[in-house]
Amino acid sequence: MTEVEKKTMSTGKKAAIVIALIVILIAGYFALNLYRLYFAPNITENQKYLYIKTGSSYDDLLAEMKKKDLVKSIGTFTAAAGKMNLATSVKPGRYRLKKGMTNRTLINLIKAGNQDPVKLKFQNIRKKENFAAYLASNLEADSLSFIHVLDSTALISKYGFNQDNVYAMFIPNTYEMYWNISPVDFFERMHKEYDKFWNADRKQKAASLNLTPAQVYTLASIVDGEALYDKEMPIIAGLYLNRLNKGILLQADPTVIFANNDFTVKRVTGKLLQVQSLYNTYKYAGLPPGPIMMPSINAIDAVLNRDKNNYIYMCAKEDFSGYHNFAETKAEHEINAKKYREALNKRNIFK
């Protein structure tokens, strides 16, 4: 082989190596770019969730992500979003952000609407306004939207309730639902839970007491307001049912406190007892128009499975243990009440 041929071959090899290196570099560039766009961790740990409001556009989403500093590189996110057509598939919801999450994973979550459900746990909430505020603090809709539904005569009457007893439709428990559920859909979901709770057995027990489910709920709210300990609930329920059946005023302190709308009261006195309200069971016979709070399931079942006793009276124990002294006669009750009044006076509790 001549020197010229050797040089030509050497030049060709060098050119081939250069070309190969260029191809490798180009391939590496595209591979790295592909990795950065789709597979590199890009979500920060600044927020636990991404909230996309109903009706939000793609631009709204980007603005929210920038505002909350949710991604390390907004450029790679928008590039990936463009290639994955996110702009036409933004779905509202509450999306869980995890450490090491990639653009591709988050974009797929949003496009699929694969959001993380909210766990709602409610019990012992006193008024509709409090309930609406609780819902608004955990779901997308504001409290006024929930109040509007709770006060909608057309909607609540459709399910057999009125504005006084609609609270009885909400069975205290823990529920999972999506953050962007509408107030109407929330209401309908709760009615399904109500129907599920009031099975044939519970309905039969309510009927045997000559009470509707809503009335059981109302009585349970009073029982729950009186009882500090669950094991006393069936006894208290039996006592109040005795009074109802005998036509005796319930004279339940929690109803008076509710009627006065003052939940700081520790001692129900004469002035409070004079309030003009159908919820004042010292003035008006029978059950109040609706529940005074959202009772626990234990309280509802305590009414349905009440203790069959002959008690007519009860009074908190003078040791402030939270338990009650029960009595069948007025004379017995006066002895118990005197001991409790003296204990209150001794502690300077006058209201």
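What you see is a predicted model, and the numbers here were worked out from it, not measured in a lab.

Student: What exactly am I supposed to notice about the packing of aromatic side chains here?
Tutor: Given two aromatic rings, their pairing is described by the distance between the two centres and the angle made by the two planes. Counted by the stated rule, this structure contains 19 aromatic pairs. A ring pair is formed by Phe131 and Tyr167, whose centres lie 5.9 Å apart and whose planes are at 70 degrees; its orientation type is edge-to-face. Linking Phe131 in helix α5 (residues 128-138) with Tyr167 in the loop between α7 (153-158) and β4 (174-177), this pair joins segments that are 36 residues apart in sequence. Here the two residues Phe131 and Tyr167 agree in accessibility, since each one is buried. Pairing Tyr159 with Phe187 gives two aromatic rings, centres 5.6 Å apart and planes at 40 degrees, and the pair type is tilted. In this pair, Tyr159 sits in the loop between α7 and β4 while Phe187 sits in helix α8 (residues 183-197), placing the two residues 28 residues apart along the sequence. The exposure class of Phe187 is buried, given its relative accessible area of 1%.

Student: Sorry if this is basic, but what is going on with helix α3 (residues 74-83) here?
Tutor: Counting along an α-helix, one turn takes 3.6 residues, and residues three or four places apart therefore face a common direction. Among all positions in α3, only Thr76, Phe77, Ala80 and Ala81 are buried. The buried residues of α3 all sit within an arc of 135 degrees when viewed along its axis, so they share a single face. Taken from the residues just after α3, Asn85 is the one with a positive phi, measuring 55 degrees.

Student: Just checking my understanding: could you explain the packing of helix α2 (residues 58-67) against α3 for this structure?
Tutor: Packed helix pairs are characterised by how far apart their axes lie and by the angle those axes make with each other. Two numbers describe how α2 lies on α3: the axes approach to 11 Å, and their chain directions differ by 160 degrees. With respect to α3, the axis of α2 lies roughly antiparallel. Crossing hand, α2 versus α3: right-handed. Mapping the contact onto sequence places Tyr58, Leu62, Met65 and Lys66 in α2 and Ile74, Phe77, Thr78 and Ala81 in α3. Among the residues forming the contact of α2 with α3, the class breakdown is 6 nonpolar, 1 polar and 1 charged.

Student: Any chance you could explain the pattern of salt bridges here in plain terms?
Tutor: Taken as a whole and assessed by the stated rule, the structure comprises 9 salt bridges. Close ionic contact of Lys196 with Glu193 constitutes a salt bridge, the shortest N to O distance being 3.7 Å. One end of the pair is Lys196 and the other is Glu193, both in helix α8 and 3 residues apart, which spans about a single turn. Overall, Lys196 belongs to the exposed group, its relative accessible area being 59%. Residue class for Glu193 comes out buried when judged on its relative accessible area of 14%. What emerges from the salt-bridge pattern is a single network uniting Arg189, Glu193 and Lys196.

Student: Before we go on, may I ask you to explain unusual backbone geometry in this structure?
Tutor: With glycine set apart, most residues show a phi of negative sign, and most peptide bonds adopt trans. Of note in this structure, Asn261 is not a glycine but carries a positive phi near 55 degrees. Within the element layout of this structure, Asn261 appears in the loop between α12 (253-260) and α13 (270-273). The exposure class assigned to Asn261 is partly exposed, which follows from its relative accessible area of 45%. Unlike most non-glycine residues, Phe320 shows phi in positive territory, near 60 degrees. The topology assignment puts Phe320 in the loop between β5 (313-316) and β6 (324-327).

Student: Can you walk me through the UniProt feature "site: Important for catalytic activity" (unreviewed entry) in the protein in this structure?
Tutor: Mapped onto the present numbering, the UniProt feature "site: Important for catalytic activity" (unreviewed entry) falls at Glu226. Here Glu226 is to be found in helix α10 (residues 213-226). With sequence-adjacent residues up to four places away left out, Glu226 is seen in contact with Ile236, Tyr240, Ala252, Asp253, Pro254, Met314 and His324.

Criteria and cut-off values
Every residue gets a number counted from 1 within its own chain, in the order that chain's sequence is written. Reporting in this predicted model follows two pLDDT cut-offs: at least 70 for local features of residues, and 80 or more for side-chain atom pairs to be given and counted; totals over whole chains, interfaces and linings ignore these cut-offs and use all residues. Side-chain numbers come from the whole structure's heavy atoms, not from hydrogens or water. Ring pairs shown here join Phe, Tyr and Trp side chains whose ring centres sit within 6.5 Å, with only the six-membered ring taken for Trp; geometry is labelled stacked below 30 degrees between planes, edge-to-face above 60, and tilted in between. Helical segments are the DSSP runs of H or I of at least four residues, strand segments are the runs of E of at least two, and each set is numbered from the N terminus. Throughout this description, buried means an accessible area under 20% of the type-specific maximum (1.4 Å probe, protein chains only), exposed means over 50%, and partly exposed covers the range between. Working definition: the arc comes from the directions between the helix axis and the C-beta atoms, pointing outward to the latter. Lines are fitted to the C-alpha atoms to define the axes, a helix being fitted only along its stretch in contact, and any angle between axes, read from their N-to-C directions, falls within 0 to 180 degrees. Oblique is the label for any angle not under 35 degrees, not over 145, and not in the 65 to 115 range, which are roughly parallel, roughly antiparallel and roughly perpendicular in turn. Crossing handedness is defined as follows: a turn of the near helix away from the far one that is anticlockwise and smaller than a right angle gives a left-handed crossing, while the clockwise case is right-handed. Throughout, a residue-residue contact means that at least one pair of heavy atoms, one from each residue, lies within 4.5 Å. Amino acid classes used here: Ala, Val, Leu, Ile, Met, Phe, Trp, Tyr, Cys and Pro are nonpolar; Asp, Glu, Lys and Arg are charged; the rest, including Gly, are polar. For this analysis, a salt bridge means a side-chain nitrogen from Lys or Arg found within 4 Å of a carboxyl oxygen belonging to Asp or Glu. UniProt positions are given in the numbering used here, feature names are shortened, and annotations may be inferred rather than shown by experiment.

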